[in-house]
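What follows is the residue order along each chain.
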Amino acid sequence: MLIGVATNASFIKNFDNYWIDIIRVNITTSKTDIIAFITNFGGVAAIVMMTIALLLIFLFLKRYTIAIWFGGVVLVGGALLPWIIKQIIARPRPSDMLISQGGWSFPSGHATGSTAFYGMIAALLIITVSKLWQRILIGLVALAIILTIMYTRVYLGVHYPSDVTAGFLLGSTAVLCGSALFLLYSQSCHRYLLARNWKDVYLKK
């Protein structure tokens, strides 16, 4: 998708036009106000503040390994990487925005940040529960929140569908790679902290 946007490929135009025709319908002032409020829950400022709040809780509970995992994935994968890509691609936003929004369009920071943040919360909860139906439910709830944020960005006209799709893919990659690294190296990190008198409380005893 990044290459398609960078080269102004026809499949990107067709993809965007298809979903815009589906999403941007029945636009009213009241509907726009509600959606503009909902979209804030995926904003960079909101994601960063919620992440910091959770990190403080993890630190207070002495769950340092979890804090490193969670904070690293969300702040790097959900905030830094999309910002870097935005500067490289420099795609202008759509011209018919319903709210004021600055910066570049691709990829969507809201979609990337939401996927990284809510996806990490889901990953954290999934590995703490034992029943399959609980894991499925957690995953579906997280996905519903992320898709809702993606929908709001396209409806408000501040992003193209390819922007939010790329953001979702980037955020998902960050969560999956971060989770893989956690499964591989969290025990080593835990032992390293203990050896240096950091009373790290691991996720599972």
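For the structure, check the block above.
A brief report on the enclosed structure follows. (Residues numbered from 1 in each chain as written. Predicted model: local features only at pLDDT ≥ 70, side-chain atom pairs only at ≥ 80, totals over all residues. Heavy atoms only, no water.)

On to the nonpolar core, then. Counting residues in each nonpolar core, the largest one holds 28 residues, and the members touching the most others are F58, W69 and M120. When neighbours within four sequence positions are excluded, M120 is seen to be in contact with W69, F70, V73, V74, T115 and V175. (Core = buried A, V, L, I, M, F, W, Y, C linked by side-chain atoms within 4.5 Å. Buried < 20%, exposed > 50% of the residue type's maximum accessible area, 1.4 Å probe, protein only. Contact = heavy atoms within 4.5 Å.)

For R153, the location among the structural elements is in helix α7 (residues 132-155). Nearest to the buried, unbridged R153 among oppositely charged side chains is D163, at 8.9 Å. At 3.0 Å, the side chain of R153 and the side chain of T39 are in polar contact. Ignoring anything within four residues of it in the chain, the contact list for R153 reads T39, I99, Q101, S108, H110, V158, H159 and V164. (Helix = DSSP H or I, 4+ residues; strand = E, 2+ residues; numbered from the N terminus. Lys, Arg positive; Asp, Glu negative; His and termini not counted. Salt bridge = Lys/Arg side-chain N within 4 Å of Asp/Glu carboxyl O. Polar contact = N/O pair within 3.5 Å; in protein donor to acceptor, adjacent residues only side chain to side chain.)

Moving on, we get to α7. Between its first and last C-alpha, α7 extends 34 Å over 24 residues, near the 34 Å set by a 1.5 Å rise per residue. Considering only its buried residues, α7 is in contact with α2 (10-23), α3 (29-38), α6 (109-126) and α8 (161-195). Looking one or two residues beyond α7, the residue adopting positive phi is G157, at roughly 75 degrees. (Expected span 1.5 Å × (residues − 1).)

So, on to the environment of D200. Along the chain, the position of D200 falls in the segment after α8. Residue class for D200 comes out buried when judged on its relative accessible area of 5%. For the pair formed by D200 and Y64, sequence separation is 136 residues and the distance between their alpha carbons is 5.6 Å. Those residues in contact with D200 that lie beyond four places of it in its chain are K62, R63, Y64, T65, H190, L193 and L194.

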